[in-house]
Amino acid sequence: MMQISITDDLKKRFHAACALHGLKMSHVVVEMIEQWLKTNEVNLSSELKERESVAN
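The model shown is predicted, which means the values in this text are computed figures rather than measured ones.

## Some thoughts on the overall build of the chain
Along the backbone of the chain there are 2 helices and 0 strands. About 5,500 Å² of surface is accessible on the chain, with carbon and sulfur atoms providing 57% of the total.

See the structure below:
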């Protein structure tokens, strides 16, 4: 489980947009996180390796 804080206005807009597409908000959030990870996970892995080599 994960909780986030967003403004009421943002939540209402997100809820309405998801409803218009027949989607659950949680499903859309999971898709967005997965997409973000596809872009950033490789960079994160590289950064961690670089930090380890600098620390050693």
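## Focus on the layout of surface pockets
Here the largest pocket defines a volume of roughly 290 Å³. What lines the largest pocket is simply Met2, Gln3, Ile4, Ile6, Leu10, Lys11, Phe14, Met25, Ser26, Val29 and Met32. Going through the elements one at a time, α1 (8–20) and α2 (25–55) are the ones with two or more residues in the lining of the largest pocket. At 4 residues, the largest contribution of residues to the lining of the largest pocket is made by α2. Residues belonging to the lining of the largest pocket are distributed by class as follows: 8 nonpolar, 2 polar and 1 charged.

## Describing α1
Between the first and last C-alpha of α1 there are 18 Å, a value that for 13 residues agrees with the 18 Å anticipated at 1.5 Å per step. One or two positions beyond α1, positive phi appears at Gly22, with a value near 70°.

## Brief notes about the environment of Leu23
Here Leu23 shows up in the loop between α1 and α2. The exposure class of Leu23 is partly exposed, given its relative accessible area of 39%. In contact with Leu23, not counting residues within four places along its chain, are Cys18 and Val28.

Rules and cut-offs
- Residue positions are counted from 1 within each chain, in the order its sequence is given.
- Thresholds applied to this predicted model are a pLDDT of at least 70 for local features of residues and 80 or more for the giving and counting of side-chain atom pairs; totals over whole chains, interfaces and linings are not thresholded and use all residues.
- The side-chain values count all of the structure's non-hydrogen atoms but skip hydrogen atoms and water molecules.
- Secondary structure elements are taken from DSSP: a helix is a run of H or I of four residues or more, a strand is a run of E of two residues or more, and numbering for both begins at the N terminus.
- Here, Shrake-Rupley sampling with a 1.4 Å probe gives the accessible areas, and only protein chains in the shown set may cover a residue.
- Site definitions follow a grid-based scheme: protein atoms alone, a 1 Å grid, a 1.4 Å probe that fits but cannot get out for cavities, and for pockets an open set with protein on both sides within 12 Å along at least five of seven lines, plus lining residues having an atom within 4 Å of a point.
- Grid points are joined across faces, edges and corners, and a volume is the space filled by probe spheres set on the points.
- Polar here means any residue other than Ala, Val, Leu, Ile, Met, Phe, Trp, Tyr, Cys and Pro, which are nonpolar, and Asp, Glu, Lys and Arg, which are charged; Gly is therefore polar.
- Working rule for helices: expected span equals 1.5 Å times residues minus one.
- Each residue is placed in one exposure class: buried if its accessible area under a 1.4 Å probe, protein chains only, is under 20% of its type's maximum, exposed if it is over 50%, and partly exposed if it falls in between.
- Working rule for contacts: check all heavy atoms of both residues, and any pair within 4.5 Å makes them a contact.

From the geometry alone we can't say anything about function, so treat these as descriptive.
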